[in-house]
Amino acid sequence: MPKFRPAAKKKPRPRADHPLRLGRSMKAVPKLVPQGRRVSSEIGEIVRQRAQAEAAIADARKSHERLREAIDILPQGIVFLDADGRYILWNKKYAEIYNRSSDLFEPGARLQDTIRVGVERGDYPEAMGREDEWIAERVTKLFHPGQRHEQVLADGRVILIEERLTEDGGVIGLRVDITELKQREASFRLLFDANPVPMIVCALDDERVLSVNDAAVEHYGYTRAEFEKLTIRHLQAFESEPPWVGDHSSDEQAARTWKHVKADGSLIDLAIYSRHMTYGEQPAVMLALMDITERKRAEMRLAFMAHHDGLTGLPNRNLLRQRLDEILAHSRRNGEKVGVLFVGLDNFKGVNDTLGHGIGDKLLRGVARRLRSSLREEDAIARLNSDEFAIIQTGVSRPEEVVLLARRLLEAIGEPYLLDGHSVVIGASIGIAMAPGDGDDSERLLKNADMALSRAKNDSRGTFSFFEAGMDARAQSRRKIEIELRAAIQDDLLRPYYQPLIDLRTGRITGFEALVRWPHPERGMISPAEFIPVAEDTGLINALGTQILRRACMEAARWPDEVHVAVNLSPLQFRVGNLLSVVMDALKQSGLPPRRLELEITETLLLEKSTQVLATLHALRALGVRISMDDFGTGYSSLSYLRSFPFDKIKIDQSFVRDLGGNRDAQAIVRSIISLGIGLGVTITAEGVETEAELACLRAEGCHEAQGFLFSKARPNDEIIELLRAQVIADPDDEISVRAQVA
Ligand code: C2E
Ligand code: MG
Ligand code: MG
């Protein structure tokens, strides 16, 4: 290796006290020449001394060699310089580090000179342009050591230099090649600085922010300077231990979620990964901060949606049930009562159909707001389905308190709503169940309140109704009817029976009203009054209505040509939208001329004032079909409906006919309906005529047509032909005999 071995070209400066120097200075011991006998004893002395000196030199050389061997195996470069900065000794590693400038140093050469040569050769890029200055600085550092410094070489290597003074004023220098370390540091820096994930390094002890990357600066909105004045706890929205504190303080941490505050005060949710490290010399923690605010928000939205109604934001049935369970448990402990109120909007579908779903939705939101603001904080509210809400009233001591709330709610809902320029009014009905009494668990209470609501709706809308024992049985029988009715429609078991309509001037049958009959295997003939409402509630009414219409047209087509058939239509059949084609099909298939078909509708159909309904009615009438208003006088504003559509017939409800006997008001009403009909050129038919007295009265008032048990109940089709034949045989002028024949 040798290219660096000391070659002793320069004059040594013997320093025998220093073994390292001794190695080289010994080479300079002069050779002595003996001069005569006189001095032979001196010579002997000199020879002895010389032998001693040579032995010492050999010793020193040996230890020098040993020292060299020792320092050669060190991984760092080592150099020894004397007080003038001249080379004394260096190891292999030192030579390796400076391999390009190796020929420059030799024992006795000054470091300063070798450096200058190196600078001139361009070995030290840092010196470029300020060579003298740089060399001066380097030499100053050499003799005022203590601090490490780094030196960059032309080939990019980085050398860490550490120098210490020896006791005799010389220098021991250490050289470590830190190129790889530097590269790793640089790539780490790059990973940190350019990482799109916000990262913060903070001190382990006082949690001071030591360094942040660009992403953190951008994300948090603090400048680097502001950051450096903060501790990690300043960023936290809530006081909590940082993830590295406590049990898991040593190793890399799995993500923990935290809430931080940004410079603008907004809150963010973070998943934080932390890792211990040293920053410079100090123990630190590096945090990678993943903003999961959006994810959290989405999770919360999902959780909210699972328990709330999207339209009104009110809790849904699930959440209500949970709340009710809690409230019941609480009320049992302190002996309070709980009221469960089911609020159902009356005719909400009408609003939806006539004003559109946009306004329907706004109305529901408006109702939800009013309901909520009518309640106390401790009460609970939920939206159960499209037009039903539930309210739980807590801390009730007497049922009267529930009544007061129910009234207040009905009043609040009933105030007009101004929606997109429309003034919308909607009524509601309320069903109430109380605990304890009407049920001890939430399931039963909700069910019973629901049943009470059905009752309130059936009785008369706009009221409230308490649950009563027995409602349950009724509800069950209703469900049974629904199942059996569905099967009966499926198997085409329903039949129209026909009740004759009598022309009071001629006494002859002008036509028949088709009234549906359900021959039930166990219960006999079931009245439509019992199953039509079920059919309407369940939507079965459309199939049922179509079947009866078809069959009535088929059967009537075989009757004499002048005899017409009247078929009842439910308002729900108008909602489906295909009524016109259903009627046209029935006429076409049966061959019945449209003028022989009469369709009976009730006032409830016109309650909704729907343009679609009116359009269908006009289209039906344009076919040649006649339209009658059934049960006239039972609705809210029967008279006004007469203006909305040109009816062909008005059927006076049987409740007025029933009262004709003694009640003067009823007589006056019937009289005015008849004169109204005459004025409008509309046929007036009286329903439910049972007695001669009623008939006489109606005839005296000039009523055109009558229907009732006095003439005949509804009969199956096969009896109709006979009925009509009997009528022909009888004297048409003798009404009494006609009645006798018909009845
Ligand atoms: P409605 O259309 O007003 O029919 C007249 C009802 O009065 C019939 O009851 C009939 O049997 C009954 N009635 C007739 N004369 C008398 C009488 O002198 N005294 C008494 N007390 N009652 C009499 P029904 O057959 O039970 O029908 C009840 C209601 O069911 C009908 O009232 C009608 O609204 C509905 N309905 C019947 N069939 C159908 C149908 O096919 N479709 C639809 N949508 N509704 C129907
Ligand atoms: Mg009718
Ligand atoms: Mg009627």
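This is a predicted model, so every value here is computed, not measured. (Residues numbered from 1 in each chain as written. Chains lettered and ligands numbered in written order. Predicted model: local features only at pLDDT ≥ 70, side-chain atom pairs only at ≥ 80, totals over all residues. Heavy atoms only, no water.)

Observations concerning the coordination of the magnesium ion (ligand 2)
Next, step 1: Of the protein atoms, only Glu-513 (OE), Asn-568 (OD1), Glu-600 (OE) and Asp-630 (OD) coordinate the magnesium ion (ligand 2), at distances of 2.0 to 2.2 Å.
Next, step 2: Counting the intervening residues between successive donors of the magnesium ion (ligand 2) yields the motif E-x54-N-x31-E-x29-D.
Next, step 3: For Asn-568, a relative accessible area of 29% gives the class partly exposed.
Next, step 4: Assessed through its relative accessible area of 1%, Glu-600 is described here as buried. (Donors = N, O, S within 2.8 Å, 3.2 Å for Na, K, Ca; no water. Buried < 20%, exposed > 50% of the residue type's maximum accessible area, 1.4 Å probe, protein only.)

So, the layout of surface pockets
Next, step 1: What the second largest pocket holds in volume is close to 520 Å³.
Next, step 2: Lining the second largest pocket are 14 residues, and of these Leu-181, Glu-185, Thr-278, Tyr-279 and Gly-280 lie nearest its centre.
Next, step 3: For the lining of the second largest pocket, the secondary-structure elements that each account for two or more residues are α6 (179-193) and β9 (267-279).
Next, step 4: Top contributing element to the lining of the second largest pocket by residue count: α6, with 6 residues.
Next, step 5: Grouping the amino acids of the lining of the second largest pocket by side-chain chemistry returns 6 nonpolar, 2 polar and 6 charged.
Next, step 6: When residues are assigned to domains, the lining of the second largest pocket turns out to be shared by domain 2 (74-177) and domain 3 (182-296), each giving three or more. (1 Å grid on protein atoms, 1.4 Å probe; cavity = no way out; pocket = protein on both sides within 12 Å on 5 of 7 lines; lining within 4 Å. Points joined across faces, edges and corners; volume = space filled by probe spheres on them. Helix = DSSP H or I, 4+ residues; strand = E, 2+ residues; numbered from the N terminus. Nonpolar A, V, L, I, M, F, W, Y, C, P; charged D, E, K, R; others polar. Domains from an automatic or database assignment.)

Details of the site of ligand 1
Next, step 1: Looking at ligand 1, there are 23 residues lining it, with Gln-499, Arg-517, Asp-630, Glu-690 and Phe-709 nearest.
Next, step 2: One of the side-chain N or O atoms of Asp-630 is found 2.8 Å from an oxygen atom in ligand 1.
Next, step 3: Phe-709 is positioned such that a nitrogen or oxygen atom in its backbone is 2.8 Å from an oxygen atom of ligand 1.
Next, step 4: Contributions of two or more residues to the shell around ligand 1 are made by β19 (509-520), α17 (528-538), β23 (626-632) and α24 (654-658).
Next, step 5: Examining the composition of the shell around ligand 1, we find that 4 residues originate from one element, β19, more than from any other. (Near = heavy atom within 4 Å. Polar contact = N/O pair within 3.5 Å; in protein donor to acceptor, adjacent residues only side chain to side chain.)

Digging into the sheet that holds strand β11 (residues 337-346)
Next, step 1: Overall, mixed pairing links the 5 strands, which are arranged β12-β13-β11-β16-β17 in an open sheet. Lying at the two open borders of the sheet, with one neighbouring strand each, are β12 (380-385) and β17 (464-466). Each strand of the sheet is rotated relative to its neighbour by a mean of 20 degrees, with strand direction disregarded.
Next, step 2: When β11 meets strand β13 (residues 388-396), the two strands line up antiparallel, connected through 7 bridges. Paired with Val-343 across the bridge in β13 is Phe-389.
Next, step 3: Each of β11, β12, β13 and β16 (427-435) is contacted by helix α11 (residues 317-334), which is oriented at about 145 degrees to β12, the strand it contacts most. (Pairing = 2+ DSSP bridges. Axes fitted to C-alpha atoms, helices over the stretch in contact; angles between N-to-C directions. Contact = heavy atoms within 4.5 Å.)

So, the nonpolar core
Next, step 1: Membership of the largest hydrophobic core comes to 60 residues, with the highest contact counts inside it found for Leu-597 and Leu-599.
Next, step 2: Counting residues per element, this core draws most heavily on helix α20 (residues 579-590), at 5 residues.
Next, step 3: In contact with Leu-599, other than residues within four places in its own chain, are Leu-549, Val-567, Leu-569, Val-583, Leu-620, Val-625, Arg-626, Ile-627 and Ser-628.
Next, step 4: In terms of nonpolar packing, the next biggest core, distinct from the first, is built from 31 residues, Leu-314, Val-351, Leu-363 and Ile-430 among them. (Core = buried A, V, L, I, M, F, W, Y, C linked by side-chain atoms within 4.5 Å.)

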